[in-house]
Amino acid sequence: TSYASIGLVLYQKEDYKGALEEFQKSLHICQKTLGEEHTQTAKVYNDIAVVLNKTRDHDRTVQEYQKALRIVEKVKGKEHMNTADIYHNIGRVLYEKGDYYAALSEFRKALHIRQTVLGKEHPHTAQLYHNIGAVNYMMEDFNGALEEFSKADKVNKLVLGRKHQYTINTHAWIARIKREMDSRH
């Protein structure tokens, strides 16, 4: 809708309150014309979640992502990439919130789908190995973190090459984990 377009412009201008108002108008129209169980309705819920995340309203962000998730799972299926993306986004919000156990659960759901759909050696799968590694690190499970970052490193080297920023970033994490482990012995 035009409201969604205006919402996007306001979002890009960092007017999150205005963007939220426009996306909510768009949501109302989608619900009225397309119904609650339409992918466009799910997209607007997702857009609202993105805006709310910028305002650091983690709980409402997760609620909006979950509304989008319910629709996407019903319409596209539980093993669809859009489903994985929403699980991933929920995991990122929960990670930012410091709710590491819940973030880990969401990341693992996304990982399962990405491994099934894309395979174990895809950059989007590697991104989840990386994120799971970061959660493990924050929970001080350094062995688990090292294992996940090593998986990410293997995929990144294979698919993206040694000089890609993701590979370099993964190497930095691995070095950080090893330093942390050495300092504890």
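Rules and cut-offs
Along each chain, residues carry numbers from 1 onward, in the same order as the chain's sequence is written. With the structure being a predicted model, the display of local features is reserved for residues of pLDDT at least 70 and the display and counting of side-chain atom pairs for 80 or more, all residues being used for whole-chain, interface and lining totals. Excluding hydrogens and water, the side-chain values take into account all heavy atoms of the structure. In what follows, salt bridge is the name for a side-chain nitrogen of Lys or Arg lying within 4 Å of a carboxyl oxygen of Asp or Glu. Helical segments are the DSSP runs of H or I of at least four residues, strand segments are the runs of E of at least two, and each set is numbered from the N terminus. The classification of residues rests on relative accessible area computed with a 1.4 Å probe and restricted to protein chains. Under 20% of the type maximum is buried, over 50% is exposed, and intermediate values are partly exposed. Note on aromatic pairs: the rings of Phe, Tyr and Trp (six-membered ring only in Trp) are paired at centre separations within 6.5 Å, and the planes decide the class, stacked below 30 degrees, edge-to-face beyond 60, tilted for the rest. Cation placement over rings: the criterion is NZ of Lys or CZ of Arg within 6 Å of the ring centroid and within 35° of the ring normal. A fitted line through C-alpha atoms serves as each axis, taken over the contacting stretch for helices, and the angle formed by two N-to-C directions is quoted from 0 to 180°. Here is the rule for angles: anything less than 35 degrees is roughly parallel, anything more than 145 is roughly antiparallel, 65 through 115 is roughly perpendicular, and the remaining ranges are oblique. Working rule for handedness: look at the near helix, and if it is turned counterclockwise from the far one by less than a right angle, call the crossing left-handed; if clockwise, right-handed. Any pair of residues with heavy atoms lying within 4.5 Å of one another is described as a contacting pair. Following the grouping adopted for this structure description, the nonpolar residues are Ala, Val, Leu, Ile, Met, Phe, Trp, Tyr, Cys and Pro, the charged ones are Asp, Glu, Lys and Arg, and the polar ones are all others, Gly among them. Within this scheme, the nonpolar core is defined by two criteria: the residues are buried Ala, Val, Leu, Ile, Met, Phe, Trp, Tyr or Cys, and they are joined through side-chain atoms within 4.5 Å.

A.B. asks: Mind showing me how you'd approach the pattern of salt bridges here?
C.D. replies: Pairs can form between side chains of opposite charge once their charged atoms are near each other. Going through the model one piece at a time under the given rule, you end up with 15 salt bridges. The shortest N-O distance in the salt bridge between Glu 140 and Arg 184 comes to 3.5 Å. Note that Glu 140 is positioned in the loop between helix 7 (123–138) and helix 8 (142–159) and Arg 184 in the segment after helix 9 (165–183), a separation of 44 residues in sequence. For Glu 140, a relative accessible area of 48% corresponds to the partly exposed category.

A.B. asks: Looking at this structure, I do not really get the packing of aromatic side chains. What am I missing?
C.D. replies: For any pair of aromatic rings, geometry is given as the distance between the ring centres together with the angle between the planes. Counted by the stated rule, this structure contains five aromatic pairs. Between Tyr 137 and Phe 142 the ring centres are 5.4 Å apart and the planes differ by 65°, which places this aromatic pair in the edge-to-face class. Comparing Tyr 137 with Phe 142 shows no difference in burial state: the two are buried. Connected via pairs of aromatic rings, a cluster forms that spans Tyr 137, Phe 142, Phe 149 and Trp 173. Sitting over the ring of Trp 173, Arg 176 keeps its end group 4.8 Å from the ring centre.

A.B. asks: Even after reading the chapter, I still don't get the environment of Glu 14, so can you show me in this structure?
C.D. replies: Relative to the elements of secondary structure, Glu 14 occurs in the loop between helix 1 (2–12) and helix 2 (16–33). Distance from Glu 14 to Arg 108, taken between C-alpha atoms, is 32 Å for residues 94 residues apart in sequence.

A.B. asks: I tried to follow the packing of helix 6 (residues 100–118) against helix 7 on my own but got confused; where do I start?
C.D. replies: Where helix 6 meets helix 7, the closest approach of the two axes is 9 Å, and the angle between their N-to-C directions is 160°. By the angle between their directions, the pair helix 6 and helix 7 is classed as roughly antiparallel. The element helix 6 and its partner helix 7 pack so that their crossing is left-handed. Note on element contacts: helix 7 touches helix 6 through His 124, Thr 125, Gln 127, Leu 128, Tyr 129, Asn 131, Ile 132, Val 135, Asn 136 and Met 138, opposite Tyr 100, Ala 103, Leu 104, Phe 107, Arg 108, Ala 110, Leu 111, Arg 114, Gln 115 and Leu 118. Residues of the contact of helix 6 with helix 7, tallied by class, amount to twelve nonpolar, six polar and two charged.

A.B. asks: Teacher, can you tell me more about the nonpolar core here?
C.D. replies: With 40 residues, the main nonpolar core has Ile 48, Ile 86 and Ile 90 as its most contacted residues. Counting only elements with at least two residues in this core, the list comes to helix 1, helix 2, helix 3 (39–54), helix 4 (58–75), helix 5 (81–97), helix 6, helix 7 and helix 8. No other element matches the seven residues that helix 3 contributes to this core. Sequence-distant contacts of Ile 48, that is, excluding residues within four places in its chain, are made with Leu 20, Phe 23, Gln 24, Leu 27 and Glu 64.

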